Amino acid sequence: MSRDRVSLGVVGLGHLGRFHAENLAAGVSGAHLARVVDADESVARSVGSELGVAWSTDYTSILEDDGIAGVAIVTPTSLHAAMIEQAAAAGKHVFTEKPLSLDLNSSLRAIEATKRAGVCLQVGFHRRFDPDYLAAAQRLGAGELGEVRFFRSTQRDVHAPADTRYLASDGDFFLDALIHDFDCARWMVGEVVEVSTCGASLASPMFGEVGDVDNAVVTLRFVSGAIGVVDGSRCAGYGYEAGIEILGSDATMRIVRNSLTNLERLSAGDAHRDCVEDFRVRFASAYVNELADFASAIRERRPAKVGGEDAVAAFLVAQAASRSHAEGRPVRIEPMSRD
């Protein structure tokens, strides 16, 4: 590791892992891509060759490399916790995609392992590094909205996945996707104490067959007394969308634009503007910024801005939302201790 750049490895080269690797190879402030790893040799070789870095099918090749300071874990969720513990034992700082695990105890053990080892643990809640979301959070913190009374967050994907096999390793709609919205809710408004879910499998019946949904509305009740709504769809059809609305006693804020440009074409009785089709396009700068901040945390020997406790808190809300859907009733949540 040079004085100015932190060397990182990426393990798991699916669509998001490859995206992280490409960002690091293209240039993330303060970071350097040193190695890529994937269980599929053809994938590891292809990505390594394309990006001009060392590659391997063996995760330990990153852990045993003294020149690599940290690892980005972008494997299936079911593998995260064990890999975090391995990295901590090897003294490697960890960036991991959300969530930490599919169960609470594994998540807590992974967090404890990083604390014992004294390594940084950052979780990939990328919206916290998006300029629009950051500006909204800063205005909230400055008190510009007054008392927050209502929060809404929307997330919509273009098309649902072709099959449900990934659910066993990555979790249901609430844990795999809407966890980003739950994280934003508690980041901006505060801890959530109750959720109630209405969900359905409408466009893709296969999700209903395994107890999951492709459309959902989750109502939230915050410690402060404020209320909120998270709505999501796997199959909006028109494009990718993510946005928020926060109503306060003095003002209201909205993030509504999900387009590449601000150009809008008007014709008789009609209006057209572009819409992004992928979350990696909408949050392109956020994905770069979160890795840059991870590298900065390593260099400055400080905690990550989005750590393991944040991941667990959002996990508990997602888990409660899933349970509410399954049981058809509101579910209370005990907020995590801040000790």
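Everything below is about the structure shown above.
Residues numbered from 1 in each chain as written. Predicted model: local features only at pLDDT ≥ 70, side-chain atom pairs only at ≥ 80, totals over all residues. Heavy atoms only, no water.

1. Comments concerning the overall build of the protein chain
Inference 1: On a plain count of helices and strands, the protein chain comes out with 13 helices and 15 strands.
Inference 2: What you see for the protein chain is a C-alpha radius of gyration of 20 Å, in line with the 20 Å of a compact globule of 339 residues.
Inference 3: Overall, the protein chain is about 55 × 55 × 45 Å in size when its C-alpha atoms are taken along their principal axes.
Inference 4: Counting only residues that meet the buried cut, the protein chain has 52% of its 339 residues in that class.
Inference 5: Sequence separation of at least 24 residues holds for 71% of the intrachain contacts in the protein chain that already meet a minimum separation of 6.
Inference 6: Carbon and sulfur atoms make up 49% of the accessible area of the protein chain, which amounts to about 15100 Å² in all.
Inference 7: Each charge class in the protein chain can be summarised by its mean position, and for the 34 positive and 47 negative side chains these summaries are 4 Å apart. (Helix = DSSP H or I, 4+ residues; strand = E, 2+ residues; numbered from the N terminus. Rg over C-alpha atoms; globule rule 2.2 N^0.38 Å. Buried < 20%, exposed > 50% of the residue type's maximum accessible area, 1.4 Å probe, protein only. Contact = heavy atoms within 4.5 Å. Areas by Shrake-Rupley, 256 points an atom, 1.4 Å probe, with all protein chains shown as cover. Lys, Arg positive; Asp, Glu negative; His and termini not counted. Charge placed at Lys NZ, Arg CZ, Asp CG, Glu CD.)

2. Observations concerning the pairing of strand β9 (residues 215-222)
Inference 1: Side chains Ala216, Val218, Leu220 and Phe222 project from β9 onto a buried face, and the interleaved Asn215, Val217, Thr219 and Arg221 project onto a face without burial.
Inference 2: Pairing between strand β8 (residues 192-200) and β9: 8 bridges, direction antiparallel. Pairing of Thr197 across the sheet is with Val218, part of β9.
Inference 3: Pairing geometry for β9 and strand β10 (residues 227-233), over 7 bridges, is antiparallel. Across the sheet, Val218 pairs through a bridge with Val230, a residue of β10.
Inference 4: Hairpin connection from β9 to β10: 4 residues lie between these consecutive antiparallel strands, with Gly225 at a positive phi of about 105°. (Pairing = 2+ DSSP bridges.)

3. A closer look at the side chain of His126
Inference 1: Counting through the fold element by element, His126 comes out in the loop between β6 (121-123) and α6 (131-141).
Inference 2: Under the relative-accessibility criterion, His126 is labelled buried at 3%.
Inference 3: One polar contact links His126 to Tyr287, side chain to side chain, over a distance of 3.2 Å.
Inference 4: Setting aside residues no more than four positions away along its own chain, His126 makes contact with His180, Phe283, Ala286, Tyr287 and Glu290. (Polar contact = N/O pair within 3.5 Å; in protein donor to acceptor, adjacent residues only side chain to side chain.)

4. Here we look at the pattern of salt bridges
Inference 1: As enumerated under the stated definition, the model contains 28 salt bridges in all.
Inference 2: A salt bridge links Arg254 to Glu245; the nearest nitrogen and oxygen atoms lie 2.5 Å apart.
Inference 3: Take Glu245: its relative accessible area is 12%, and that puts it in the buried class.
Inference 4: Taking the shortest distance from any N to any O, the salt bridge between Arg302 and Glu300 comes out at 2.9 Å. (Salt bridge = Lys/Arg side-chain N within 4 Å of Asp/Glu carboxyl O.)

5. Overview of the sheet that holds strand β3 (residues 54-56)
Sheets are built from strands that pair by backbone hydrogen bonding, the pairs being arranged parallel or antiparallel.
Inference 1: Across the sheet, 6 strands lie side by side as β3-β2-β1-β4-β5-β6; this open sheet has parallel pairing. Each end of this open sheet is capped by a strand with a single partner; those strands are β3 and β6. Strand-to-strand twist across the sheet, computed as the mean angle between neighbouring axes with direction ignored, equals 25°. (Axes fitted to C-alpha atoms, helices over the stretch in contact; angles between N-to-C directions.)

Coordinates in, geometry out; function isn't part of it.
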